[in-house]
Amino acid sequence: LCTSLLCVCARCVADAVRRLIAGGEEKPSSLPAADSPLGAVLVALGARYIAGGSQVENPIAQFHLRNGALVARIVAGADRSRRGARRSLGLMANYEYAPGVSRRGQRFRRTHTAEVSAEVSALIHAKL
């Protein structure tokens, strides 16, 4: 795999994802660390995915977003089990029920777009 964020290429990401999903000999501990180049890319892609809202198939995410939660943080390696690796590449979203819950819930149900924290917004707009 590439060793610098500037060197992370689509092939490296695709190969790593393929190995993780295949489950073959790979162990859950082979999930990329959050501070690794691949981990940084996966976190940014996870942020982009969850902010899209309407395409999110996870019932827990849908529950929180429909109820007006703010996507506060995306955490790499939060679920290092084989199931977590297959379902979300170990990524997990943290939600915050801050003031404006009712407004955010109504907006999500109407536009299918999640409201995100400044931290998650920076991930969404990061150059990959």
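Keep in mind the model is a prediction, meaning the values are calculated, not measured.

**A few points about the pattern of salt bridges**
Within this structure, the stated rule accounts for two salt bridges. Here E119 makes a salt bridge to R73, at a shortest N to O gap of 3.8 Å. Here the residue E119 occupies a position in helix 6 (residues 118–125), and R73 occupies one in strand 1 (residues 70–75), the gap between them amounting to 46 residues. A relative accessible area of 44% places E119 in the partly exposed class. Measuring nitrogen to oxygen at the nearest pair gives 3.0 Å for the salt bridge that ties R103 to E115. On the criterion of sequence distance, the pair formed by R103 in helix 5 (residues 101–111) and E115 in the loop between helix 5 and helix 6 is long-range, its members being twelve residues apart. R103 gets classed as partly exposed once you look at its relative accessible area, which sits at 46%. What makes E115 partly exposed here is its relative accessible area of 23%.

**Some details on the layout of surface pockets**
Estimated volume of the largest pocket: approximately 770 Å³. Together, 25 residues line the largest pocket, and Y49, N58, R87, S88 and L91 are the ones closest to its centre. Residue assignment for the lining of the largest pocket shows that the elements contributing at least two residues are helix 1 (10–22), helix 2 (37–52), helix 3 (59–66), helix 4 (82–88) and strand 2 (92–96). Sorting elements by how many residues they give to the lining of the largest pocket places helix 4 first, with six residues.

**A closer look at helix 3**
Listed as buried for helix 3 are A61, Q62, H64 and L65. Around the axis of helix 3, the buried residues are gathered within 165° of arc, so they sit on the same side. Residues of helix 3 that are exposed and point more than 90 degrees away from the buried face comprise P59, I60 and F63. Those residues of helix 3 that are buried are in contact with helix 2, strand 1, strand 2 and helix 5. Downstream of helix 3 by one or two residues, G68 has phi in the positive range, about 90°.

**Regarding the confidence of the model for the protein chain**
Per-chain confidence: the protein chain averages 78 in pLDDT, with 74% of residues scoring 70 or above. Per-element confidence in the protein chain ranges from a low mean pLDDT of 59 for helix 1 to a high of 93 for strand 2. Scored below 50 in pLDDT, residues 1–8 shows 17 contacts in the model against residues more than four places distant or in partner chains.

**What to know about the packing of helix 3 against helix 5**
Two elements in contact, helix 3 and helix 5, have axes separated by 7 Å at closest approach and are oriented at 120°. The orientation of helix 3 relative to helix 5 falls into the category oblique. Two secondary-structure elements touch here, helix 3 through Q62, L65 and R66 and helix 5 through G105, F108 and R109. Of the residues belonging to the contact of helix 3 with helix 5, the class tally is two nonpolar, two polar and two charged.

Here is what the cut-offs are and how they apply
Residues numbered from 1 in each chain as written. Predicted model: local features only at pLDDT ≥ 70, side-chain atom pairs only at ≥ 80, totals over all residues. Heavy atoms only, no water. Salt bridge = Lys/Arg side-chain N within 4 Å of Asp/Glu carboxyl O. Helix = DSSP H or I, 4+ residues; strand = E, 2+ residues; numbered from the N terminus. Buried < 20%, exposed > 50% of the residue type's maximum accessible area, 1.4 Å probe, protein only. 1 Å grid on protein atoms, 1.4 Å probe; cavity = no way out; pocket = protein on both sides within 12 Å on 5 of 7 lines; lining within 4 Å. Points joined across faces, edges and corners; volume = space filled by probe spheres on them. Arc of directions from axis to C-beta. Contact = heavy atoms within 4.5 Å. pLDDT = per-residue confidence, 0-100. Axes fitted to C-alpha atoms, helices over the stretch in contact; angles between N-to-C directions. Parallel < 35°, antiparallel > 145°, perpendicular 65-115°, else oblique. Nonpolar A, V, L, I, M, F, W, Y, C, P; charged D, E, K, R; others polar.

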